[in-house]
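So you can see what is in the structure, the chains are spelled out below.
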Amino acid sequence: MRLSNKVALITGAGSGIGRESAILFAKEGAQVAVCDVNLATATETVSLIEAAGGEAIAIQADVSKAADAKAMIEAAEAAYGKLNVLFNNAGIFHAADGSVLETEEDIWDLTIDINLKGVFLGCKYGIPALLRAGGGSIINTASFVALMGAATAQIAYTASKGGVLSMTREISVEFARQNIRANALCPGPVETPLLQELLADPARRQRRLVHIPPGRFAKAVEMAQAALFLASDESSFVNGATFTVDGGITAAYVTPE
Ligand code: NAD
């Protein structure tokens, strides 16, 4: 019960990494606010948690909208009386996001609004709640593409994740003496609905797989386990970290054949 007596809010918790994290956090004793723009999938996550004996509520919120971000924090506090863990996980990877030469302005704006502004708004409204609880842990989801470039470009996505990484670092410094920790989770490629279309194409799949030392993509639960560590008091001196969980992609020059 690594999160007993803790209240955690997770955005994008209707799918992939967010759902696995919500399930794991609840299993470890947290009361979980399961937020997603898609209420049906958030409700499904809650059902999975309740079926396993855990406690959670579903909250519909579009993280790119200030009113929704504010309301999701208020709803979590209203339900459980406090907020200890804020996991800004929601993000998109748009099929029309590609080279800087081809990516349209509307795709850029949409991606930055959800992936970067969404994390900003989560922190803007979530940090006061953490302070009211006497401190807490913020986990913002960046990506390994915040650390390295890809010839298979997704320019808006990469830029958004670079922003999440540097924003998280600054937050970690500003609030450190108020008992708030902030860390950026940088996953390598994970088999989730986010990458489903891309990874279903054998050529595009192999183009990426060759760069991953263990020779496989990550599973969502492997990110949830990393997030659990950052959420729990076991990581009490981990702050401002670029928490890379990428199977060694960023360490590799030549990978095994
Ligand atoms: P996913 O597509 O499985 O889940 C994302 C969830 O976010 C969905 O339930 C979706 O409805 C929700 N969402 C989308 N827009 C939203 C909005 N405006 N407001 C609230 N919720 C919204 O994706 P995933 O792979 O679990 O990704 C989770 C996070 O991890 C994202 O930030 C993603 O960029 C990041 N990430 C993923 C990978 C990967 O390979 N899958 C790698 C690095 C980083």
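We now turn to the structure provided with this report.

Cut-off values and rules
Residues numbered from 1 in each chain as written. Predicted model: local features only at pLDDT ≥ 70, side-chain atom pairs only at ≥ 80, totals over all residues. Heavy atoms only, no water. Helix = DSSP H or I, 4+ residues; strand = E, 2+ residues; numbered from the N terminus. Expected span 1.5 Å × (residues − 1). Contact = heavy atoms within 4.5 Å. Buried < 20%, exposed > 50% of the residue type's maximum accessible area, 1.4 Å probe, protein only. Polar contact = N/O pair within 3.5 Å; in protein donor to acceptor, adjacent residues only side chain to side chain. 1 Å grid on protein atoms, 1.4 Å probe; cavity = no way out; pocket = protein on both sides within 12 Å on 5 of 7 lines; lining within 4 Å. Points joined across faces, edges and corners; volume = space filled by probe spheres on them. Nonpolar A, V, L, I, M, F, W, Y, C, P; charged D, E, K, R; others polar. Phe/Tyr/Trp six-rings, centres within 6.5 Å; stacked < 30°, edge-to-face > 60°. Lys NZ or Arg CZ within 6 Å of the ring centre and 35° of its normal.

Some points on helix 5 (residues 155-174)
And step 1. Over its 20 residues, helix 5 extends 29 Å from the first C-alpha to the last, a length consistent with the 28 Å expected when each residue adds 1.5 Å.
And step 2. Tucked inside the fold, the buried residues of helix 5 contact helix 4 (105-132), strand 5 (136-141), strand 6 (180-187) and strand 7 (242-245).

Considerations on the side chain of N183
And step 1. Note that N183 resides in strand 6.
And step 2. For N183, a relative accessible area of 0% corresponds to the buried category.
And step 3. Only 3.1 Å separates the side chain of N183 from the backbone nitrogen of G240, close enough to count as a polar contact.
And step 4. N183 has contacts with I138, I139, N140, T168, L230, V238, N239, G240 and A241, leaving out every residue within four places of it along the chain.

What about the layout of surface pockets?
And step 1. A volume near 1100 Å³ is recorded for the largest pocket.
And step 2. Along the wall of the largest pocket there are 47 residues; nearest its centre are F93, S143, Y157, L194 and L195.
And step 3. Among the secondary structure elements, those contributing two or more residues to the lining of the largest pocket are helix 1 (16-27), helix 5 and helix 7 (202-209).
And step 4. When residues in the lining of the largest pocket are grouped by element, the largest group, 3 residues, is from helix 1.
And step 5. Here the lining of the largest pocket is composed, by residue class, of 27 nonpolar, 15 polar and 5 charged.
And step 6. Computed from the structure, the second largest pocket encloses a volume of approximately 290 Å³.
And step 7. Contributing to the lining of the second largest pocket are 15 residues, with G136, N179, I180, R181 and D233 lying nearest its centre.
And step 8. Mapped by element, the contributors of at least two residues to the lining of the second largest pocket are strand 5 and strand 6.

Thoughts on the packing of aromatic side chains
And step 1. Counted according to the given criterion, the structure contains 3 aromatic pairs.
And step 2. Both rings, one in F25 and one in F87, keep their centres 6.3 Å apart while their planes meet at 25°; by these two values the pair is stacked. Pair noted here: F25 is in helix 1 and F87 is in strand 4 (residues 85-88), with a separation of 62 residues, a long-range link. In this structure, F25 and F87 share a single accessibility class: buried.
And step 3. For the pair F93 and Y157, a centre-to-centre distance of 5.0 Å together with 75° between the ring planes defines the contact as edge-to-face. Separated by 64 residues along the polypeptide, F93 in the loop between strand 4 and helix 4 and Y157 in helix 5 bring together distant segments of the chain.
And step 4. Taking relative accessible area as the criterion, F93 reaches 22% and is therefore assigned partly exposed.
And step 5. Directly above the ring of Y125 sits K124, whose terminal nitrogen or CZ lies 5.9 Å from the centroid.

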